[in-house]
Amino acid sequence: SMSQSVSQPLLHMKAMVDQIGKGEYQLEKPAFRIAELQDTATAIVNMGQKLNEITCALQQAKEEADSANKTKSLFLSSMSHELRTPLNAILGFGQLLQKDDNNLSFRERQNYINEMMTAGDHLLKLIDDVLNFSQIENNNTLLKIELLDAVSVIKECSEMLRPIAVKEQLILSADLPADPVLILA
């Protein structure tokens, strides 16, 4: 009957729309005898496919954003630690200099002041790196690879950590070669 040839396809299309409403976007294209109903069913199937593509793209974008956010959080956590190390060195040497009973020679005081200055310079460089972080986020930064003396870097780090070790009554030592060890970093 005519009413069934219209009502059955309409009920089927309603079921298709309900499937889409439940997030089931992959629909099979039905075959109807009435061209207008067939066109509507085809449009519903195409809409389901398009919604599926959009949903997949949104899911991928969400995963990428989550990954970027996690990377940013790890960077900030690491940078926080990196900033604290030279600051602790500055404060530690400052506290040693501040003590009245420290019995430090002029040379020892000068060494502590030099270490504070080195740690201050290092802290300034780190803060500059953090301020340039927005350039990294916008892909506007260039990686600068240069020769570095690994022995000097380790000595500098050891000196920055020395006041913390002294304060905690720990011995800090590094067995390093006498000659520079150049690396690309």
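It should be noted that the structure appears before, not after, this text.
Bear in mind the structure is a predicted one, so any value in this text is a computation, not a measurement. (Residues numbered from 1 in each chain as written. Predicted model: local features only at pLDDT ≥ 70, side-chain atom pairs only at ≥ 80, totals over all residues. Heavy atoms only, no water.)

*Asks:* Report on the overall build of the protein chain, specifying residues and quantitative values.
*Replies:* On a plain count of helices and strands, the protein chain comes out with five helices and two strands. In the protein chain, the succession of α and β elements from N to C terminus is α-α-α-α-β-α-β. In terms of overall dimensions, the protein chain is more spread out than a globule: its C-alpha atoms have a radius of gyration of 33 Å, far above the 16 Å expected for 185 residues. Projected onto its principal axes, the C-alpha coordinates of the protein chain cover approximately 110 × 35 × 30 Å. Per-residue burial for the protein chain yields a buried fraction of 21% across its 185 residues. Accessible surface computed for the protein chain: about 13900 Å², of which carbon and sulfur atoms make up 56%. Computed over 17 positive and 25 negative side-chain charges, the separation of the two mean positions in the protein chain equals 4 Å. (Helix = DSSP H or I, 4+ residues; strand = E, 2+ residues; numbered from the N terminus. Rg over C-alpha atoms; globule rule 2.2 N^0.38 Å. Buried < 20%, exposed > 50% of the residue type's maximum accessible area, 1.4 Å probe, protein only. Areas by Shrake-Rupley, 256 points an atom, 1.4 Å probe, with all protein chains shown as cover. Lys, Arg positive; Asp, Glu negative; His and termini not counted. Charge placed at Lys NZ, Arg CZ, Asp CG, Glu CD.)

*Asks:* Pulling in residues and values, what's your account of the pattern of salt bridges?
*Replies:* Inspection of the entire model under this criterion finds three salt bridges. Notably, a salt bridge pairs Glu159 with Arg162, separated by 2.9 Å at the nearest N-O pair. Taken together, the residues Glu159 and Arg162, both in helix 5 (residues 150–167) and three residues apart, mark about one turn of the helix. Overall, the relative accessible area of 25% leaves Glu159 in the partly exposed class. Classification of Arg162 as partly exposed rests on a relative accessible area of 27%. (Salt bridge = Lys/Arg side-chain N within 4 Å of Asp/Glu carboxyl O.)

*Asks:* Break down helix 3 (residues 106–131) for me, with residues and values.
*Replies:* Across its 26 residues, helix 3 extends 37 Å between first and last C-alpha, which sits within 8% of the 38 Å expected from 1.5 Å per residue. Residues Tyr112, Glu115, Ala119, Leu123 and Leu126 constitute the buried set of helix 3. Buried residues belonging to helix 3 abut helix 2 (35–98) and helix 5. (Expected span 1.5 Å × (residues − 1). Contact = heavy atoms within 4.5 Å.)

*Asks:* Kindly report on the packing of helix 2 against helix 3, identifying the contributing residues and their values.
*Replies:* In a pair of packed helices, the angle between the axes and the distance between the axes together describe the arrangement. Put simply, helix 2 and helix 3 touch, their axes get as near as 9 Å, and they point 160° apart. By the angle between their axes, helix 2 is roughly antiparallel relative to helix 3. Between helix 2 and helix 3 the crossing geometry is left-handed. Across from Met79, Glu82, Leu83, Pro86, Leu87, Ala89, Ile90, Phe93, Gly94, Leu96 and Leu97 in helix 2, the residues of helix 3 making contact are Arg109, Tyr112, Ile113, Glu115, Met116, Ala119, Gly120, His122, Leu123, Leu126, Ile127 and Val130. Looking at the contact of helix 2 with helix 3, its residues break down into 17 nonpolar, three polar and three charged. (Axes fitted to C-alpha atoms, helices over the stretch in contact; angles between N-to-C directions. Parallel < 35°, antiparallel > 145°, perpendicular 65-115°, else oblique. Left-handed = near helix turned anticlockwise from the far one by under 90°. Nonpolar A, V, L, I, M, F, W, Y, C, P; charged D, E, K, R; others polar.)

*Asks:* Lay out a nonpolar patch on the surface with the relevant residues and their values.
*Replies:* A cluster of nonpolar side chains, namely Ile145, Leu147, Leu182 and Leu184, defines an oily patch on the protein surface of about 470 Å² accessible area. Within the secondary structure, Leu184 sits in strand 2 (residues 182–184). You can call Leu184 exposed: its relative accessible area is 67%. (Patch = residues over 30% accessible without salt bridge, like charges linked within 9 Å, V, L, I, M, F, W, Y side chains within 5 Å.)

*Asks:* I'd like to hear about the packing of helix 3 against helix 5, residue by residue, with values.
*Replies:* The contact between helix 3 and helix 5 brings their axes to 10 Å, and the two run at 115°. In terms of orientation, helix 3 and helix 5 fall into the roughly perpendicular class. The chirality of how helix 3 crosses helix 5 is left-handed. Facing helix 3, whose interface residues are Tyr112, Glu115, Thr118, Ala119 and His122, helix 5 presents Glu156, Glu159, Met160 and Arg162.

*Asks:* Talk me through the nonpolar core; I want residue IDs and the actual numbers.
*Replies:* By size, the foremost hydrophobic cluster in this structure holds ten residues: Met13, Met16, Ile20, Tyr25, Leu27, Phe32, Leu37, Ala41, Ile44 and Val45. When residues of this core are assigned to their parent elements, the largest contribution, four residues, is made by helix 2. Beyond its immediate stretch of four places on either side in the chain, Met13 contacts Phe32, Leu37, Thr40, Ala41 and Ile44. (Core = buried A, V, L, I, M, F, W, Y, C linked by side-chain atoms within 4.5 Å.)

*Asks:* How would you summarise the side chain of Glu115 if you had to cite specific residues and measurements?
*Replies:* When you line up the elements, Glu115 lands in helix 3. Put simply, Glu115 is tucked away with no salt bridge, and the nearest opposite charge, on Arg162, sits 4.8 Å away. Those residues in contact with Glu115 that sit more than four places away from it in its chain are Phe93, Glu159, Met160 and Arg162.

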